[in-house]
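Chain and residue survey
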Amino acid sequence: MIAFLASLIFLSAGILFLALIRNRPPWARVVFLTSLTAGCVLSFISAVYSLVTQASFAFDGHWAWPWGEFYVGLDTLSAVFLLAVTILCFLAGLYGVGYLKEGCGPEKDLSGHFCLYLVLLLSLVLVVTARNAVLFLLAWEAMSVSSYFLITHYDDKEDVRQAGLLYLVATHVGTFCLWVMFILLGTRAGSMNFDQMTAAQFPLALSGVIFVLAILGFGVKAGFLPLHIWLPHAHPAAPSHVSAVLSGVMIKMGIYGIIRVIMLVKHFPEWCPMLLLGIGIISGVGGVLYALGQHEIKKLLAYHSIENIGIITLGLGTGLWAQLHQYQAIAAIGYAGALLHVFNHAMFKGLLFLSAGSVIRQTHTGEIDSLGGVMKYLPWTGVLFLIGSLAICGLPLFNGFISEWLVYRSLFEGLFSFPLEAVMLIGFAIIALALIGGLALMCFTKAFGAVFLGQARSPHALNLQENPRLMIAPMTLLAAICTWIGIFPNTMAAFCLKAAASISPAGKNVPDIENILRPMAGITLSLGLLTGLCFCLVLLRKMALRSLPVTRSETWGCGYRGSTPRMQYTASSFASPIVLLFREALCLRRSGSRPKQIFPERVHLASEVMDASEHFFWQRVYVWIREICSRLKIIQCGYAQMYVLYIFIFLFLILIWKVT
Amino acid sequence: MFSVILHVSFALFFSPLLLGVVAKTKAFFAGRWGPPLLQPWYDIVKLFRKGSVYSTTTTWVFKLTPVAVLATALLSCIFIPLGTLAPPVYFWGDALFFVYLYGLMRFFLIIGAWDTGSSFEGMGASREAAFSCLSEIILFMDLILLVMVSKSLVLCNMLNTSFFSSWASMGPVLILVVISFFLVLLVENARIPIDDPNTHLELTMVHEVMVLDHSGFDLGLILWGSAVKFFVLGSILISLFIPRHESFMAGMVFFMVGMALLALTVGVVESIMARLRLNSVPHLLTGGFVLALLGFIVILLKGM
């Protein structure tokens, strides 16, 4: 606990220093790196300690604030999230120092950016450790505002400002729901501390209302499908290391919040897990379908975050269902799958955003169809992006498979334990997860293949230089973590299972963690065999090819010799079979025409996938709200005296309310 | 370790023969004598003795692809019973591992195709990815049905010989599983009516065009990998039919006969059907999914 508090102090000191330093870039960098390292390492140690010993700590700094207390604590659930936060923020921070170094030239002062990055980190740490609702909401707000400023780093661009504004509005709508939810919880429990809330009993109707508010409030942050519209705009707008943190850990705070609410309230109506499963299916399939239609790499990754949130939600939904019906083992597996996917997604999505950032930094474009052949110039970045892609597709050898395997397992075990109505939904969830897997594979073979392989489609992708070591090293570490969990999943899975077991109230049958972990040994063994087989085949191939003639030539063009890089298959064409199949759901818009005559003239064809919820639902809601607001304009007359009058009227009303 | 090697060599040895049976059947229907049964073997051996040509566009990804294809195909065979040979490795949830292993194989095949920068290969990769998305959901629906019938997540328990007794109670469901799984088998192994392995026009190919640029040793590895995949998926289907029996040899004989019959069926289907137009393949796959879904409904109605 001392280590944890010390890390908070280090981070706050770093923020203070950076806020004071102006125009001394080397100093700012040193202070930033020191504070980041100290804060992350200390928090990391305390999180690991908490997970290993399974002890929970709490610190209550009494604080004179109505209902608020500086009350922080660390239990296994917080520790899993804290682990993801510290690892990713530390590595992305290191990367960011390298990423921004040349990108903005020596004259621009970065102390503001570094300071805000530390504010974001500190608030993330506080969000997962706060044990008081007011402190939680303060940290939540600090997180939202600091990330707004980080997103609008390149604020000279119009679309970046727009994206930032959209994010700010969306996140505050969410925060509003959270205030209402915590007030409901607090008034019932008689205190804003989480301890008292856990002890309190909530009637089912109230817990249903709380659950819906939590889904709305936390769902905006997490990016559940109809609430996600800020996400695909904000992530591409931000600098890559910030996108990595946003997508890797910040949106997971929504998931953390939902799990925390599940822990606080414990008993929910039947439809709540159904709702979670439904959201999981829609977000998962919708996210990956939209991702498939994207032409910009960071936007594609942003939509994939929605997909992964869907997978996590499927795990949560199964866990909650099992918890409500006293299947403790399935609940533990479902929650553990969700938690492990939270951690894994932080790792591989961080890796993907950082390596995409490396490409963008060199090529100055994120348009997939104008890249190609980048692997030849950026070999390291290419390998790292490949590892990230394999992991996000949930393929064996990397960590994504382990968590998806756990989620699958909870769903399949639900099949033969749950009642009929749940089995039907769970069957659909399994099919959805299978579809997500196939589509994600298509999407990432598209992204990796079109960007890194083949030949350059435009001059952007020619004559590049590999990025500095300061950027490669953090990514390598992330890739190493992905592979480690993929091959030796036991440690991390055990941590997640411990945390998962603490979510559901201890019933009669405590899940047997050893038993759940046993098949993991089979996975390790099989992967060992796979590597062994690959090794043997590579050796065989080497030996055989030594004595055989090997020549190099151009790609076989089926007899046609005049091919150019522009004749390569494009990413959009690659995705088109599926995009066309789902064109109604994706609102595919095409403009331009196809070539017509025998000797066709120059034609132009553009296709775009429209986000249905943004263009057909929220757009209408905005218009509606604007109309209401324009009617309310009469109150805003522009005279300060009138406004003072309003204040007095309001005070008077409060007085009456208090007196009566 | 010994059993792993036995399993792997069994699959390695017999898988090309299966393709030989298919070719023989097709030749019979065409009124020809056809290539010898061992022709796929001769092809592989011939390829292993040839040098390779690599495109200047390609990177190491292209060279890794054949290795990854054969390695994943071989690893997949250790989870399934081959006749009376029990699988050497099994664990709770290995069915999912098995399916995702094929995902790994497909991933490498597709990026290998991207690596050449050829538009033909890109086209084939795109089709392969799209069709297998759809076939994967049929596969998972079948998996759900088998899991619900056998109450196990271990692949060999889902397929093992005592499973035959469930034909009595779950016959209709299993028939639907067999039909839809046969469709998956055709899609995954690029057979007619989804894909024609013998077409001469690159534009119409799916699977074959993805490996257009591989040559010599590498092509041999890929062909062998595809044969093993056909063998493994086929033996899943045959394992569903193997009755309970006592002796080792009888089971093996039954298994081999079953596999030959399967190859014969595939050959007959290939001979009497034409390849579907590309845009009607999703319709066929949707049909397969509907069949599997029907099985799910039946199993729910029967009260599991």
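Please read these numbers as outputs of a predicted model, since none were measured by experiment. (Residues numbered from 1 in each chain as written. Chains lettered and ligands numbered in written order. Predicted model: local features only at pLDDT ≥ 70, side-chain atom pairs only at ≥ 80, totals over all residues. Heavy atoms only, no water.)

On to a nonpolar patch on the surface, then. A cluster of nonpolar side chains, contributed by Y639(A), M642(A), Y643(A), L645(A), I649(A), F652(A), L653(A), L655(A), I656(A) and V659(A), occupies part of the molecular surface with about 1000 Å² of accessible area. Examined against the element boundaries, Y639(A) turns out to sit in the loop between α23 (612-631) and α24 (640-659). (Patch = residues over 30% accessible without salt bridge, like charges linked within 9 Å, V, L, I, M, F, W, Y side chains within 5 Å. Areas by Shrake-Rupley, 256 points an atom, 1.4 Å probe, with all protein chains shown as cover. Salt bridge = Lys/Arg side-chain N within 4 Å of Asp/Glu carboxyl O. Helix = DSSP H or I, 4+ residues; strand = E, 2+ residues; numbered from the N terminus.)

The subject of this paragraph is the domain arrangement of chain A. Residues and elements named next belong to chain A. For chain A, the domain assignment lists domain 1 (1-269), domain 2 (275-537) and domain 3 (612-659). The C-alpha centroid of domain 2 is placed 22 Å from the C-alpha centroid of domain 1. Between domain 1 and domain 2, the residue contacts involve 51 residues of the former and 50 residues of the latter. Counting the surface lost from both domain 1 and domain 2, the interface buries some 4300 Å², and carbon and sulfur atoms represent 79% of this. Per-residue buried area on domain 1 facing domain 2 is highest for L91, Y95 and L225; these three make up 15% of the total on that side. (Domains from an automatic or database assignment. Contact = heavy atoms within 4.5 Å. Buried area = accessible area lost by both parts, 1.4 Å probe.)

This part covers empty space enclosed by the protein. Residues and elements named next belong to chain B. By the definition in use, this model includes five cavities of 30 Å³ or more. In this model, the largest cavity occupies a volume close to 110 Å³. What lines the largest cavity is a set of 13 residues, and nearest its centre among them are F98, L139, L143, F181 and I236. Among the secondary structure elements, those contributing two or more residues to the lining of the largest cavity are α4 (94-115), α5 (119-150), α6 (155-159) and α9 (216-239). Each residue belonging to the lining of the largest cavity can be placed in one class, and the counts come to 12 nonpolar, no polar and one charged. In terms of lining, the second largest cavity is formed by R106, E128, F131, S132, V187, E188, A190, I194, D195, V206 and K229. Only α5 and α7 (166-188) provide two or more residues apiece to the lining of the second largest cavity. Considering every element that reaches the lining of the second largest cavity, the biggest residue donor is α5, with three residues. (1 Å grid on protein atoms, 1.4 Å probe; cavity = no way out; pocket = protein on both sides within 12 Å on 5 of 7 lines; lining within 4 Å. Points joined across faces, edges and corners; volume = space filled by probe spheres on them. Nonpolar A, V, L, I, M, F, W, Y, C, P; charged D, E, K, R; others polar.)

So, about the interface of chain A and chain B. Frequently, the measure chosen for interface size is the accessible area that the parts lose on association. Contact with chain A, which involves 81 residues of that partner, is made by 77 residues of chain B. Surface buried jointly by chain A and chain B totals about 6800 Å² across both partners, of which 79% is contributed by carbon and sulfur atoms. If you sort the residues of chain A by the area they bury against chain B, F416(A), R541(A) and Y569(A) come out on top, with a joint share of 10%. Taken together, chain A and chain B are joined by one salt bridge. Remark: the boundary between chain A and chain B carries 19 residue pairs in polar contact (both at pLDDT 80 or more). Counting residues per element, the ones that place at least two in the side of chain A that touches chain B are α15 (379-392), α16 (399-415), α17 (420-452), α20 (513-547), β3 (550-553) and α21 (571-581) of chain A. The leading source of residues in the side of chain A that touches chain B is α17(A), at 20 residues. Broken down by class, the residue content of the side of chain A that touches chain B amounts to 54 nonpolar, 18 polar and nine charged. (Polar contact = N/O pair within 3.5 Å; in protein donor to acceptor, adjacent residues only side chain to side chain.)

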